[in-house]
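# Notes for the structure review
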Amino acid sequence: MSALLVISGVCAVVAGLVHGYIFFLESIAWTSPRVRRIFGIANEADALATRALAFNQGFYNLFLAIGAIIGVVLVVAGNGQVGWPITVFATASMLGAAVVLLGTGRRYLNAAFVQGSLPLISLLFALLGSTFGA
């Protein structure tokens, strides 16, 4: 496997870990004071009112994380014909979600950067590695 594809895989796994952490924040720790500060939730009542939505959204992040990581595991195990499409789909979905988040306002610029930069890098290196890699 070329170095470009290795970089793509590493970025996909790290993006998966980031999205796994986001799952934890949204689906498990949503009402804690620390998480409320991270997401700009004013008070516990607002956190409780949005808890079900956050819980659901957290699972979307978990499923994307699982897809990216399992895709890379399949590639490392020698099944790139299955692993790469799963990895590309998961990271492209992560990037798409970051673009949607960015479209909701400048307030979310940092969150969109955190959510989308590693998937973007992974996708770029996958493209470069599959086109020019040896």
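Bear in mind that the values here come from a model prediction, so they are computed numbers and not experimental data.

## Section: the nonpolar core
L25, A29, W30, V35, I41, A47 and A54 form the largest nonpolar core, which has seven residues in total. In terms of nonpolar packing, the next biggest core, distinct from the first, is built from five residues, A15, A68, A90 and M94 among them.

## Details of a nonpolar patch on the surface
Together, M1, V6, V10 and V14 make up a nonpolar patch on the protein surface, roughly 350 Å² of accessible area in all. Relative to the assigned elements, V6 resides in helix α1 (residues 3-28). A relative accessible area of 42% places V6 in the partly exposed class.

## Digging into the packing of aromatic side chains
The tally for this structure, following the rule as stated, stands at four aromatic pairs. Their ring planes at 75° and their centres at 5.0 Å tell us that F23 and F59 sit as a pair that is edge-to-face. With F23 in helix α1 and F59 in helix α3 (residues 44-76), the pair connects residues that are 36 residues apart, well separated along the chain. With a relative accessible area of 25%, F59 lands in the partly exposed category. Through pairs of rings, three or more aromatic residues link up here, namely F23, F55, F59 and F63.

About the criteria used
Residues numbered from 1 in each chain as written. Predicted model: local features only at pLDDT ≥ 70, side-chain atom pairs only at ≥ 80, totals over all residues. Heavy atoms only, no water. Core = buried A, V, L, I, M, F, W, Y, C linked by side-chain atoms within 4.5 Å. Buried < 20%, exposed > 50% of the residue type's maximum accessible area, 1.4 Å probe, protein only. Patch = residues over 30% accessible without salt bridge, like charges linked within 9 Å, V, L, I, M, F, W, Y side chains within 5 Å. Areas by Shrake-Rupley, 256 points an atom, 1.4 Å probe, with all protein chains shown as cover. Salt bridge = Lys/Arg side-chain N within 4 Å of Asp/Glu carboxyl O. Helix = DSSP H or I, 4+ residues; strand = E, 2+ residues; numbered from the N terminus. Phe/Tyr/Trp six-rings, centres within 6.5 Å; stacked < 30°, edge-to-face > 60°.

Any functional reading would require information beyond the geometric quantities listed.
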